[in-house]
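What the coordinates show
Here is what each chain is made of, one letter per residue.
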Amino acid sequence: MATRNYQDAIEHLNTLQTSADTLEAAKAARSRLNPNPIPKMIEFLERIGYTCEDLNKLNVIHVTGTKGKGSTCAFIDSIVRHARPNWKIAVRERIRIGGVPLSEDDFTRYFFEVWDRLQQNGPKTPDFPVMPSYFRYLTLMAFHTFLAERVNATILEVGVGGVNDSTNIVPRPIVTGITALGLDHTSVLGKTIAAIAEKKGGIYKNGVPALSVSQPEEGMVALKERAEASQASYFMEVSILPGIENITLGLAGEHQIQNAALAIQTAHIFLHSMDGLQCGPESLSQVPESFIAGLENAKWPGRCQTVSDPKYQNITWCLDGAHTAESVFCCTRWFVNPRVGLCNSPTSTTVVVNGTSGLAGEKFHCTRVLIFNCTKGRSGLDLLGTMLEETQKLLLQHGSMEPVEKFFQQVIFCNNVTYADGHFKGDLTSRAMSAEARTELKAQHELADAWIQLVPTFPTDSIHVVPSIEHAVKETSLTKPHNFEKEGTGYCAPLHNPPDKKACVASRGLRGETALTDIIRVDAACILAAILMLGPWSAFEMHTYALILRRLSGGTGGVVGSPDKARTHQVFCPLHGDHHEKIHSVPRSRGSTVPETNLVRHPGPNPVLGLRGQRSDAWQQKRFLLVLSPRRGYTGDALAKKT
């Protein structure tokens with residue numbers, strides 16, 4: 001027999017992918033592609049020479065969930081490797097041992113050992129296939145590899161769901177854990193959180209600790225019922241541990257705190273069990289000192305990852321594989337941050353991309369490019385809408401006056417084809433993509449239409465639809481740094497002239513956060529009057545508008561007091577410039593105004609007049625008084641006399 005290499009293994013593996021035509025036919029017939037998944041998987045395992053009981057030797061940590069399961073597995077892997085440096089730790093996410101993917105030689109050897117056994121030992125059950133599907137094959141290969149390598153611990157990440165997943169044939173894992181739940185794969189798992197939780201909870205086993213992060217109420221109820229039905233040794237809802245926010249996690253993004261918390265509790269139970277000790281259902285009270293290095297050194301490519309371009313020094317790539325609205329929300333919160341996408345370099349380009357949907361950028365003076373794709377069955381409009389909505393909130397939160405519709409200077413929609421010649425990198429080949437999808441780019445044009453719908457003012461010549469990732473990378477490298485200084489985007493001039501009443505009237509009727517971009521677009525001199533037209537006000541909106549005015553004032557304004565708890569509140573919004581105006585009272589409900597006796601002097605370096613309500617419900621009664629200070633030379637008393 002001729003020598004077989006890694007490329008041969010990949011070509012054989014790709015024949016096990018389900019074709020686009022088969023997927024469409026199954027969808028049209030509303031039939032399941034793989035009925036009897038667990039019995040088939042058990043028979044495949046037996047055909048390569050193992051029993052399910054053999055898998056107990058792997059010391060399995062089994063993890064599922066909608067969001068964060070890969071990151072949680074990465075944290076667990078890093079924690080256990082640092083705590084037990086002499087152990088072989090295996091991760092079944094494309095097969096890693098000791099934190100490193102299998103070498104091409106090892107992959108080839110183990111791949112063909114499984115392939116040949118399945119070819120030699122045909123199906124025992126009528127109508128069962130000779131070969132498993134792509135994901136099941138990789139799961140079988142992982143089991144074979146880990147048993148052959150005699151690993152000390154196996155971190156097993158579920159593919160889809162839990163109860164019927166190909167990984168769910170281990171009779172007795174050491175511990176099981178479930179990350180955050182969300183609506184994904186609803187055609188298979190169900191259309192509600194409760195239904196999805198019931199499927200995911202299928203990994204809970206008799207006599208095995210069952211863990212979960214905090215979930216929506218209906219999801220938590222379903223998980224608890226699943227744990228009880230499976231006779232798990234106990235059920236634990238994992239909470240965030242004190243002090244974890246002070247650890248610099250190896251995986252970026254505030255959402256990783258929850259994943260790290262689950263990893264800490266899971267690793268703690270696992271290590272105690274391996275030492276012959278039992279852990280009860282009591283949660284840890286703090287992060288074990290021995291776990292910190294593992295948390296700090298965790299790595300998981302493609303999850304909130306920042307990479308400097310090796311060829312173009314002024315380009316930074318920000319990568320994430322978000323593919324649900326919840327994941328896009330987390331990805332956006334990671335990116336629209338001073339440490340990532342809000343930077344100060346005037347000549348750099350940052351690109352954020354994810355495997356099925358992506359982002360791109362750097363800070364206020366950066367040129368940002370968005371490269372985005374999502375696979376069939378997901379709503380690009382929803383994903384892009386989530387990204388833009390959260391971006392707008394975060395820009396305000398970080399004190400940026402940059403309008404959200406100009407946050408990206410270019411947007412690129414491409415499919416998952418690797419190269420410009422239409423070919424894939426071998427181990428990234430997708431047979432689930434039809435030839436029509438590759439050539440007509442219907443999905444990508446729909447994404448472009450969704451972007452125009454969401455951002456109607458975006459320049460059409462800055463929206464690109466391209467057929468490959470290589471095209472998208474080339475388009476990014478050709479993007480010229482944006483001339484912000486020439487355009488003046490995001491800047492507001494001092495108040496040198498009275499408000500432009502026509503512009504202010506144009507803002508009448510706008511409400512809350514949705515109005516902010518339109519307000520910012522109006523000349524800065526109009527902002528006060530435009531805000532006063534908005535109403536009714538929420539406490540959040542009051543804080544938001546005060547933030548806008550604080551930015552205009554050079555950072556000296558703000559809000560004093562908590563709208564929800566304090567009995568007294570003061571809003572002070574100093575504006576610099578020559579214009580000054582006092583609005584004696586603004587009706588906030590029929591026949592109600594704020595009396596002038598509520599005027600107080602703020603003791604800061606730039607004295608202003610402000611608002612003081614006697615009770616917190618004054619905010620809800622819509623009573624509001626705002627006074628502009630004209631220039632830094634005036635004191636609060638002088639201003640009161642002058643106006």
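Calculation notes
Residues numbered from 1 in each chain as written. Predicted model: local features only at pLDDT ≥ 70, side-chain atom pairs only at ≥ 80, totals over all residues. Heavy atoms only, no water. Helix = DSSP H or I, 4+ residues; strand = E, 2+ residues; numbered from the N terminus. Buried < 20%, exposed > 50% of the residue type's maximum accessible area, 1.4 Å probe, protein only. Pairing = 2+ DSSP bridges. Contact = heavy atoms within 4.5 Å. Axes fitted to C-alpha atoms, helices over the stretch in contact; angles between N-to-C directions. Salt bridge = Lys/Arg side-chain N within 4 Å of Asp/Glu carboxyl O. Arc of directions from axis to C-beta. Polar contact = N/O pair within 3.5 Å; in protein donor to acceptor, adjacent residues only side chain to side chain. pLDDT = per-residue confidence, 0-100. Parallel < 35°, antiparallel > 145°, perpendicular 65-115°, else oblique. Left-handed = near helix turned anticlockwise from the far one by under 90°.

Moving on to unusual backbone geometry. With phi around 50 degrees, Asn59 is a residue other than glycine that occupies positive phi space. Along the chain, Asn59 falls in the loop between α3 (37-47) and β1 (60-64). Of note, Gln231 is a non-glycine position whose phi angle comes to about 60 degrees, a positive value. Summarising the element assignment, Gln231 is placed in the loop between α9 (217-229) and β8 (235-238). A residue is classified by how much of its surface remains accessible, and Gln231, at 53% relative accessible area, is exposed.

What follows covers the sheet that holds strand β4 (residues 100-101). Spatially, β4-β3-β2-β5-β1-β6-β7-β8 is the arrangement adopted by the eight strands of the open sheet, whose pairing is mixed. Of all the strands in the sheet, just β4 and β8 have a single pairing partner and so form its edges. In terms of strand pairing, β1 meets strand β5 (residues 153-157) through four bridges, oriented parallel. Paired with Val60 across the strands is Thr154, a residue of β5. Of the strands in this sheet, β1, β5, β6 (175-178), β7 (210-213) and β8 are in contact with helix α10 (residues 256-274), which crosses β7 at around 165 degrees.

Tallying each qualifying case throughout the model produces 11 salt bridges. Taking the shortest distance from any N to any O, the salt bridge between Glu389 and Lys393 comes out at 3.7 Å. With a gap of four residues between them, Glu389 and Lys393 both fall in helix α13 (residues 380-397), about one helical turn apart. Overall, Glu389 belongs to the partly exposed group, its relative accessible area being 49%.

Next up on the list: helix α1 (residues 6-14). Residues three or four positions apart in an α-helix share a direction because the helix packs 3.6 residues into each turn. Within α1 the residues assigned to the buried category are Tyr6, Ala9, Ile10, Leu13 and Asn14. An end-on view of α1 places all buried positions within 130 degrees of arc, on one side of the element. In this structure, the buried side of α1 is in contact with α5 (104-120) and α6 (134-149). By the N-cap criterion, in which a side-chain oxygen at the helix start approaches the backbone nitrogen of a residue two or three places on, α1 is capped by Asn5, the distance to Gln7 being 3.2 Å.

Before going further, it helps to spend a moment on the environment of Ile38. Within the secondary structure, Ile38 is located in helix α3. We classify Ile38 as buried; its relative accessible area is 18%. In sequence terms Ile38 and Ile169 are 131 residues apart; their C-alpha atoms lie 7.1 Å from each other. Residue contacts for Ile38: discarding those within four places in its chain leaves Val163, Asn164, Asp165, Asn168 and Ile169.

Caution applies to low-pLDDT regions: their predicted coordinates should not be interpreted in detail. The pLDDT averaged across the chain works out to 74; a share of 67% of its residues lies at or above 70. Low pLDDT, under 50, characterises residues 484-543; the predicted model gives this stretch 119 contacts beyond four residues in sequence or across chains. When the criterion is pLDDT under 50, residues 548-643 qualifies, and its contacts beyond four places in sequence or with other chains add up to 202 contacts.

A word on the packing of helix α12 (residues 325-335) against α13. At a minimum axis separation of 9 Å, α12 and α13 run at an interaxial angle of 30 degrees. If you check the angle between α12 and α13, you find them roughly parallel. In this structure, the crossing between α12 and α13 has a hand that is right-handed. Contacts between α12 and α13 involve Ala325, Val328, Phe329, Thr332 and Arg333 from the former and Leu383, Thr386, Met387, Glu390, Thr391, Leu394 and Gln397 from the latter.

Okay, helix α16 (residues 469-478) next. For α16, the complete set of buried residues consists of Ala472, Thr476 and Ser477. Buried positions in α16, seen along its axis, are confined to an arc of 135 degrees and lie on one side of it. Across α16 from its buried face, at more than 90 degrees, point the exposed residues Lys474 and Leu478. Residue Ser468 occupies the N-cap position of α16, its side-chain oxygen lying 3.4 Å from the main-chain nitrogen of Glu470.

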